[in-house]
Amino acid sequence: MIRATLSARALGAVLLALLLPVAAFAGEGAQRLERYLAGLDSLRADFVQYTFNAARTQMTESHGRFYLQRPGRFRWEYDDPVAQVIIADGKRVYVHDLELEQVTHQSQERALRGTPALLLASGAPITEHFAVTELPSTDGRDWVALRPLDADAEVERIELGFGSDGLESLIMEDGFGQNTRLDFSAATRNLALEPDLFEIDRSAVDDFLSFD
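For the protein chain, the name recorded in an unreviewed UniProt entry is Outer-membrane lipoprotein carrier protein, with Marichromatium purpuratum 984 as its organism.

The structure is reproduced here in structure tokens:
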């Protein structure tokens, strides 16, 4: 349960970084971020996720796909090492463990507490919630760093890397020094997504547990 809740919070912080409108500020990396967000209604992408501990030793590698529908709905599908689906339908966040055939769920407000992800649907500029810094490029990408202004946020820092195909990498550091890196590929913007992608299938599980 703890692992699932933390995953939901972390993913919520990532989504906030991708979704909130960007106020005008200088720098090519920041301009790339602003252009990327302009007119974004939906998104589908494959991802590889790497998790590192504070000593920068790799702990896990996961693969899956990601769906986003504005405002406030998302779906993360993990194929391995643990088959898991995380769904936010705008009101609740569901974490479906496919091997255990069990779903835990909480209100979206409660599940994402401690991050600024509660503001997913707001029209506030990103600079009201993050300090934005352009980073020097070391790999041919344009990089932007976001640091939450909320002192209680679990995420300490987010870095976004933009390449020729748009957003290609995201690096997130939490308060324990753990780093998560997401590399995106095969991204498609503004495609028509089926509504049931953001609905949990209650008939597919034996246990349906609430933690509200």
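(A) Geometry of the confidence of the model for the protein chain. For the protein chain, per-residue confidence averages 79 on the pLDDT scale, and 77% of positions sit at 70 or higher. Confidence over residues 1–6 falls short of pLDDT 50; this stretch has nine contacts with residues more than four positions distant or in other chains.

(B) Local environment of the pattern of salt bridges. With the rule as written, the count across this model stands at eight salt bridges. Here R65 and E77 are joined by a salt bridge, their closest N and O atoms 2.6 Å apart. Linking R65 in strand β2 (residues 58–69) with E77 in strand β3 (residues 73–80), this pair joins segments that are twelve residues apart in sequence. Across this residue pair, the class does not change: R65 and E77 are buried. As a salt-bridge pair, E168 and R141 come within 3.1 Å of each other at their nearest N and O atoms. Residue E168 is located in strand β10 (residues 166–174), and its partner R141 is located in the loop between β7 (130–135) and β8 (142–148); the two are separated by 27 residues in the primary sequence. Exposure remark for E168: the relative accessible area of 16% places this residue in the buried category.

Each value, and the rule that gives it
- Residues numbered from 1 in each chain as written.
- Predicted model: local features only at pLDDT ≥ 70, side-chain atom pairs only at ≥ 80, totals over all residues.
- Heavy atoms only, no water.
- pLDDT = per-residue confidence, 0-100.
- Contact = heavy atoms within 4.5 Å.
- Salt bridge = Lys/Arg side-chain N within 4 Å of Asp/Glu carboxyl O.
- Helix = DSSP H or I, 4+ residues; strand = E, 2+ residues; numbered from the N terminus.
- Buried < 20%, exposed > 50% of the residue type's maximum accessible area, 1.4 Å probe, protein only.

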